[in-house]
Amino acid sequence: MDEELLGIGAFAARARLSAKALRLYDRLGLLAPARVDEATGYRYYRAGQVEAARLVALLRQLDMPLARIAGVVDTADGAVAAERLAAYWTDVETRHAGQRTLAEYLRGRLSGRNSEMYGKFEVDTVDVPAQVLITESRHVLADELPPWIGAALSRLEEAAGECGGAAGTPFVAYHAEVSMESDGPAEACVPVADEAAARAWAEGRGRARGTVVRVEPAQRLARTRITKAQVAHPQILAAFEAVEEWVRAKGLTPAGPCREVYFADWEAAGPEDPVCDVAFPVTGAAG
């Protein structure tokens, strides 16, 4: 068996890595030696581990977290490993797109070019008919908001399926500021077709989460469309501020809580794909 193993020096040379890197990978649980001599502590590797060692080194250059590297390296199914890498890189691109949008937002704010920044958003109005909503509310801080939105809308859409089906686009309304210091509350809302069935569901299965059914009157929304990358906090604030500025310039009056209307498949969307309308209910005639 010993003849089939390589000492750490020989293995490092074959893998084009340093012995120091191999010791680090061992400590991190990414690439364990095939055998460690109990008396000397000397590490031995199989020649077949060379490819895994090189793969770990390349994945670390992508700043992949250790747990995700292990998930790629530990599977023998190349297609599965490739899918896991693709999923990670999608997350990276989404994060970088969000950071780029945030940097643009901060540059505009710091330089006092707010009006120029707002001009990048196209704002218009849309009339929304009265709708029956099944809703779930929660006090939530900005960093807790994204997972809660996904979970709450998923629960409500499932409920809507038992209440005649969804009858409109889901949205989240903000009844007070949500930031790193202020916790709202926020209200996840899904329009439903059958009001009676929705009220029965809320009184039964929805009671534990404080599910509420309410009727929202017909209204006009001032809105701007944003991409998935722009949804992240705080860069999304630029979109809200742009709509507020447009509403003031047009002589309109805000008439209810601002909202994010999610019209696209979030999971399928890429960072630059439109997914959401940032909107304010308004009254008055646009000037």
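Scroll up for the structure.
Residues numbered from 1 in each chain as written. Predicted model: local features only at pLDDT ≥ 70, side-chain atom pairs only at ≥ 80, totals over all residues. Heavy atoms only, no water.

1. Observations concerning unusual backbone geometry
At the junction of G184 and P185, the peptide bond is cis and its omega measures out at 25 degrees in the coordinates. For P185, the location among the structural elements is in the loop between β6 (171–174) and β7 (186–192). Unlike most non-glycine residues, R16 shows phi in positive territory, near 60 degrees. Among the secondary structure elements, R16 is positioned in the loop between α1 (8–15) and α2 (19–27). Judged by relative accessible area, which is 63%, R16 ranks as exposed. The phi dihedral of D63 is positive, around 60 degrees, even though this residue is not glycine. Topologically, D63 is positioned in the loop between α3 (50–61) and α4 (66–73). (Helix = DSSP H or I, 4+ residues; strand = E, 2+ residues; numbered from the N terminus. Buried < 20%, exposed > 50% of the residue type's maximum accessible area, 1.4 Å probe, protein only.)

2. A word on the state of the cysteines
Counting across every chain of the model gives 0 disulfides. For the unlinked cysteine C189, the closest cysteine sulfur is that of C258, found at 12 Å. For C189, a relative accessible area of 0% corresponds to the buried category. We note that C258 lacks a disulfide partner, and the nearest cysteine sulfur, in C276, lies 11 Å from it. By relative accessible area, which is 18% here, C258 ends up buried. (Disulfide = S-S within 2.5 Å.)

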